[in-house]
Structures are given as C-alpha cells and as structure tokens.
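The chain contents come next:
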Amino acid sequence: MTVTRPARLTGAALCAALALIAAVWILQDLAEIGSPADLARYWTGDHHVLIQGRSATSLIDAVLLAASAAAAVAALRSRHAASALAAVGTVTLALRLPGLWAPGTGALVTALLELALAAGLVLTAAVGRRRAEAPHEREPTRPRTGPAIAAGVLLALAALLVVLWELYWAGELPTELTVDRFTGGRSVVKPALAPPPGWLSVIAVGLYGTAAVSCLLRARHSRAFGLLAAGFLAAGGAAGVARAVRSETLPRLGDLTSAGAADVLTAVFELLAGLAVLVLLAGRGVPAPPGPHPAAGALPPAPPHPRPPGW
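Not measured: the values here are computed from a predicted model.

*Asks:* Is there a simple way to explain the overall build of the chain in this structure?
*Replies:* The secondary structure content of the chain amounts to ten helices and two strands. Listing each helix as α and each strand as β along the chain from the N terminus yields β-α-α-α-α-α-β-α-α-α-α-α. In the chain, which comprises 311 residues, the proportion classed as buried is 41%. Taking all contacts inside the chain whose residues are at least 6 apart in sequence as the whole, residues at least 24 apart take part in 76%.

Quick look at the structure:
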C-alpha cells in the first residue's frame, strides 16, 4: 500500500500541528522553570525544582513532539508513511483521552484539539491508502528476520514488566489509590497534560505488545509501531536511570529493598532495550518486488528488431 500525495500533505500538516501544540506547552514550562536542564530534571522525577504553580508537560510531551515531527517528515518524503501516521495518531488519541476529565481549561482545550487532530490523522492514513499500481512502485519493505525477532522479544519483555509492576502496585496500594492511578483521581499528583500513571501503563502495554507481535510477524507496519514504542521505552528508562544516578542508588543495589533494586534494574533494561530496538528497526528492510502493471500485470514486450514499417 502507498499513500496518495494529498493524504501525505494532509498527514504532514496534522502532525506539524500536533508538534506545534506540544512545543508551545513545553516553551511555556521552560519559561516558568528557567532552563532546559531544570526542565529535563523535572521531567525525570526531580520535583525539588522550584516552579510557580504546576508543570503542564511531562516527558510524554517531548516524545510525542519528536514522534509527530518525525511522522511529518516521513509523510513528506515517503509514499509509504501510512503506518507512521496511523501509529502517531492512535497513540496520541489514547494518551490525550484522560485530558477530557482533567482539571483546568487549558488541559481540556488541548485535549479536545489534539484528539481532533489525532482522529484526523488516523482517518487520513486509512482513506489515503491505495495499492501500488505503476510498475516502478514498490510495497513497503518488511524488516529483516533477525532484527525483527530480536526487537519483538525485547518489546514483549518490556510489556511483561509493565504488567508485573502494575500487579505489584495493585497489591501494595489501597483500592481507592489503585483506581485513582487509572482514572486520575485527587490522590494523583501529576503535570496537567500527563495521563494518569495507571492509564499510561495500559497504553504502554498495548503499544509494546502490538509492536512486539508486528515485529515477530515481520508485518510491513512493524517498523513504524516498533520505533514509536522504542522511543517511549527508551525515554521511560532514561528517566528511571536519571533518578537512580541522582539518588546514587546504582552503586549500592545490594543495600536496597527488593522492590527498589527491581525498579532500578527495570529502568536500565528499558533504556538499553529501547535503544536496541531503535537500532534494530532503523536498518533497511527486505526489498519488496515491484507492483504489477494495472492492465497486463507485466511490462509490455519489447518491439521486434528490426522494426517493421509503420511500427
């Protein structure tokens, strides 16, 4: 499948709008906090950074900004960008949905706007596809077997770890707090635009699991979903490693509780696995055969030589 030029231009414009919204909120937080380093520290869990009021953005916004910008570039450069547009649109829809019941007018307006843009992005990717008909057009490539299987296994392990941690917290926390983790109740303190932590875990499991299955099946859309999943995985791991470095827990894992040591090791795994999947899926895929001619299904035969009169 390829994407028509009008659909590609529409998808690029929608992705650019999503990236612009995220950039505006990030710049607003940057003006409040004062420096990119302090904002990065806040995103990675250092809440001792002094700010006026509550931060609006989180590391999720930075990843969505990068993903939207990358999808916009892909739509402008490649006729095979349908999967990239669909992946960014679907994940944005899922992550912004809790903003509909989040407190604050700014968060609600942003959620409504981004949900509309993301829905338009998914619709554009769906209706703008067409079969490759010209002889020179090729189908999207499939990832190579070895890298695809390795990426699929890493993403499946990442999804499993998220599930295990949610089960752990469900057993440790009271029922009310566990529900708040998924619905964003009053007990959850988070940036205005960020989804509740439990909700984010559900989206992460869905994204990692979908990308893992796609990679293991070597589907044509596995690269788009796999790279997006790897971006979120690496970002979450980097935040956890940054917290461990600041608290100096990496050198003394033996002194931590079992849960504390598991948290640090999970962050290290997520960072390394995310970077590994990015490398594995960034390479060239298996070349696809050219599409058939629309009329005869093959190139017309060459003219005879020498040519007869009037050929």
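*Asks:* Just to check I follow, could you spell out helix H6 (residues 145–172) for this structure?
*Replies:* One full turn of an α-helix is made of 3.6 residues, so residues set three or four places apart face in the same direction. Across its 28 residues, H6 extends 41 Å between first and last C-alpha, which sits within 8% of the 40 Å expected from 1.5 Å per residue. Within H6, the full set of buried residues consists of Ala148, Ala151, Gly152, Leu155, Ala158, Ala159, Val162, Trp165 and Glu166. In this structure, the buried side of H6 is in contact with helix H7 (175–183), helix H8 (197–216), helix H9 (222–247) and helix H10 (258–282).

*Asks:* What is the right way to read the packing of H6 against H10 from this model?
*Replies:* A pair of packed helices is characterised by two quantities: the angle between their axes and the separation of those axes. One can describe the packing of H6 onto H10 by two numbers: an axis separation of 10 Å at closest approach and a directional angle of 155°. As far as their axial angle goes, H10 and H6 are roughly antiparallel. Remark: the crossing between H6 and H10 carries left-handed chirality. Facing Pro147, Ala150, Ala151, Leu154, Leu155, Leu157, Ala158, Leu161, Trp165 and Tyr168 of H6, the residues of H10 in contact are Ala259, Ala262, Asp263, Thr266, Phe269, Ala273, Ala276, Val277, Leu280 and Leu281. Classifying every residue of the contact of H6 with H10 gives 18 nonpolar, one polar and one charged.

*Asks:* Would you mind showing me how to read the nonpolar core here?
*Replies:* Membership of the largest hydrophobic core comes to 49 residues, with the highest contact counts inside it found for Leu155, Leu207, Tyr208 and Phe232. Elements supplying a minimum of two residues to this core: helix H1 (5–33), helix H3 (59–77), helix H4 (82–96), helix H5 (105–127), H6, H8, H9 and H10. Contacts of leucine 155, omitting those with residues within four sequence positions, involve Tyr208, Ala211, Ala212, Cys215, Gly226, Ala229, Leu233 and Val277.

The rules we used
All residue numbers refer to position in the chain's written sequence, counted from 1. In keeping with the predicted nature of the model, local features appear solely for residues at pLDDT of at least 70, side-chain atom pairs appear and are counted solely at 80 or more, and the whole-chain, interface and lining totals rest on all residues. The side-chain values count all of the structure's non-hydrogen atoms but skip hydrogen atoms and water molecules. Numbering goes from the N terminus for both helices and strands, where a helix is a DSSP run of H or I of at least four residues and a strand is a run of E of at least two. Accessibility here uses a 1.4 Å probe with only protein chains present; expressed as a share of the type maximum, an area under 20% marks a residue as buried, one over 50% as exposed, and anything in between as partly exposed. Contacts were defined at the residue level, with two residues in contact if any of their heavy atoms lie within 4.5 Å. An expected span of 1.5 Å times one less than the residue number is assigned to each helix. To get an axis, fit a line to the C-alpha atoms, keeping to the stretch in contact for a helix; angles then go from 0 to 180 degrees between the N-to-C directions. Small angles under 35 degrees read as roughly parallel and large ones over 145 as roughly antiparallel, with 65 to 115 read as roughly perpendicular and the rest as oblique. A crossing counts as left-handed when the near helix is turned anticlockwise from the far one by less than a right angle, and as right-handed when that turn is clockwise. Residues are grouped as follows: Ala, Val, Leu, Ile, Met, Phe, Trp, Tyr, Cys and Pro are nonpolar; Asp, Glu, Lys and Arg are charged; all remaining types, including Gly, are polar. As used in this record, nonpolar core signifies buried Ala, Val, Leu, Ile, Met, Phe, Trp, Tyr and Cys residues forming a set joined through side-chain atoms within 4.5 Å.

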